Amino acid sequence: MSQPQSNADQIAFWNGDAGAKWAKAQDRLDAMLSEISAELMRAAAPQPGEHVLDIGCGCGGTSIEIAKGGAHVTGIDISQPMLARARQRATNISFIEADAATHNFSPAFDLLFSRFGVMFFANPDAAFANLRTALKPGGRLTFACWRDWRENEWVRIPISAVRPHVPPQPQLGPEDPGPFAFADLTRVRRILTYAGFDRITARPLDAVMRLGNSLDDAITHIQDFGPVSRMLADASTAEKAAATTALREAFKPFAARTPFTMDGAVWIVSATL
Ligand SMILES: C[S@@+](CC[C@H](N)C(=O)[O-])C[C@H]1O[C@@H](n2cnc3c(N)ncnc32)[C@H](O)[C@@H]1O
């Protein structure tokens, strides 16, 4: 079956409200993803002097971490507001504004790395075939992607609470670009194999994610980011108020957790050329 070619929808999305919100909340999102980052860094093991491409680098949190270890990092992203934040934070890192699926790379990198930046390609077969051209012979790839949303407590619980109160949502197919597009490992393996990668491994990581300092803080945060924010985008004021009440009810069993945490379910995927 032919796949769509254009990432225009994602480019618009990450340059709109979503990108602006990520740029503003960069500190808190980095804190929320810190446990996952630490595991991902261990798996990727960037070495001093290596050249690393951080795909969908966003506000640069992982690029900065990798550079601290002595590697030369290039971050690539389509989001102007997120790249502006990244450039403010790190002047020793080169950040490129470009679509990683189509950018004209030369084979300069030892490691392709990504924290949740590779699930948004309209045509992942073509995107990974293109990304492969950025790797030196024998180079490697390591990225984190989400497992199925139902395995992700931080998504399943709020989505189930909010859904009855908001307008009907467009039904995303499991392969449509979005945070959960790489939940199915059979698909991931097929895409990477097609692109010419070898020795593909994936291991599950169950991580604790800090959603806020308190219950109230987490309720605000979850409405601003990720799948719940998309569900609320077209909701009326009354629907939003009902959704907030439902979220509070659903989060109550976790209220004693300070800071407020929920579990995330991730794949750490690695491969080599
Ligand atoms: C969920 S955010 C993750 C950001 C960052 N890696 C982090 O962990 O903080 C996904 C990122 O992928 C970027 N992205 C999506 N499609 C892209 C593409 N085709 N090329 C480059 N970046 C892309 C978005 O702009 C966004 O910054």
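Remember, predicted model here, so these are calculated numbers, not experimental data.

Topic: the overall build of the protein
No. 1: If you tally the helices and strands in the protein, you get 12 helices and seven strands.
No. 2: The C-alpha radius of gyration of the protein comes to 18 Å, within 12% of the 19 Å expected for a compact globule of 273 residues.
No. 3: Overall, the protein is about 55 × 45 × 30 Å in size when its C-alpha atoms are taken along their principal axes.
No. 4: Each of the 273 residues in the protein was classed as buried or not, and the buried ones make up 52%.
No. 5: Looking at the protein alone, contacts between residues at least 24 apart form 78% of all its contacts between residues at least 6 apart.
No. 6: Accessible surface computed for the protein: about 12,400 Å², of which carbon and sulfur atoms make up 53%.
No. 7: Taking the average place of the 27 positive charges on the side chains of the protein and the average place of its 29 negative ones, the gap between the two points comes to 3 Å.

Some points on the pattern of salt bridges
No. 1: Applying the stated rule across the entire model yields 16 salt bridges.
No. 2: Close ionic contact of Arg147 with Asp206 constitutes a salt bridge, the shortest N to O distance being 2.8 Å. Of the two residues, Arg147 is situated in the loop between strand E5 (135-146) and helix H8 (153-162) and Asp206 in strand E6 (residues 198-212); the sequence distance between them amounts to 59 residues.
No. 3: Looking at Asp206, the relative accessible area reads 56%, which means it is exposed.
No. 4: Asp148 serves as the salt-bridge partner of Arg150, at 2.8 Å between the closest nitrogen and oxygen.
No. 5: Taking relative accessible area as the criterion, Asp148 reaches 21% and is therefore assigned partly exposed.
No. 6: Overlapping salt bridges bring together Asp30, Arg89 and Arg115 as one network.

Points about the site of the ligand
No. 1: By nearness alone, 18 residues border the ligand, and Gly56, Asp77, Asp99, Ala100 and Arg115 come closest of all.
No. 2: Considered on its own, the ligand offers 590 Å² of accessible surface; in the complex 97% of this is hidden by protein.

Some remarks on the pairing of strand E2 (residues 72-77)
No. 1: For E2, the buried fraction is high: five of the six residues fall into the buried class.
No. 2: Taking the sense of rotation as the criterion, the β-α-β connection linking strand E1 (residues 51-55), helix H5 (residues 61-68) and E2 turns out right-handed.
No. 3: Note: E2 against strand E3 (residues 94-97), four bridges, orientation parallel. Across the sheet, residue Gly75 finds its bridge partner in E3, namely Phe95.

What counts and what doesn't
- Along each chain, residues carry numbers from 1 onward, in the same order as the chain's sequence is written.
- Under the rules for a predicted model, residues below a pLDDT of 70 receive no local features and side-chain atom pairs below 80 are neither given nor counted, while totals for whole chains, interfaces and linings still include all residues.
- To get the side-chain values, all heavy atoms of the structure are used, and hydrogens and water are removed first.
- Starting at the N terminus, helices and strands are each numbered in turn, a helix being any DSSP run of H or I of at least four residues and a strand any DSSP run of E of at least two.
- Only the C-alpha atoms count toward the radius of gyration. The rule for a globule is 2.2 Å times the residue count to the power 0.38.
- Working definition: with a 1.4 Å probe on protein chains only, accessible area under 20% of the residue-type maximum means buried, over 50% means exposed, and in between means partly exposed.
- Here a residue-residue contact requires only that any non-hydrogen atoms of the pair lie within 4.5 Å.
- Here the Shrake-Rupley method, with its probe set to 1.4 Å, supplies the accessible areas, and only the displayed protein chains count as covering residues.
- By the counting rule applied here, Lys and Arg register as positive and Asp and Glu as negative, while His and the ends of each chain are not counted.
- Taken as the charge centre is NZ of Lys, CZ of Arg, CG of Asp or CD of Glu, depending on the residue.
- Any carboxyl oxygen of Asp or Glu that lies within 4 Å of a side-chain nitrogen of Lys or Arg is treated as forming a salt bridge with it.
- Only heavy atoms are used to decide nearness, and a residue is near a molecule or strand if one of them lies within 4 Å of it.
- Seen with its strands pointing away from the viewer, a crossover is right-handed if its path from the first strand over the helix to the second goes clockwise.
- When DSSP finds at least two bridges between two strands, those strands are taken to pair.

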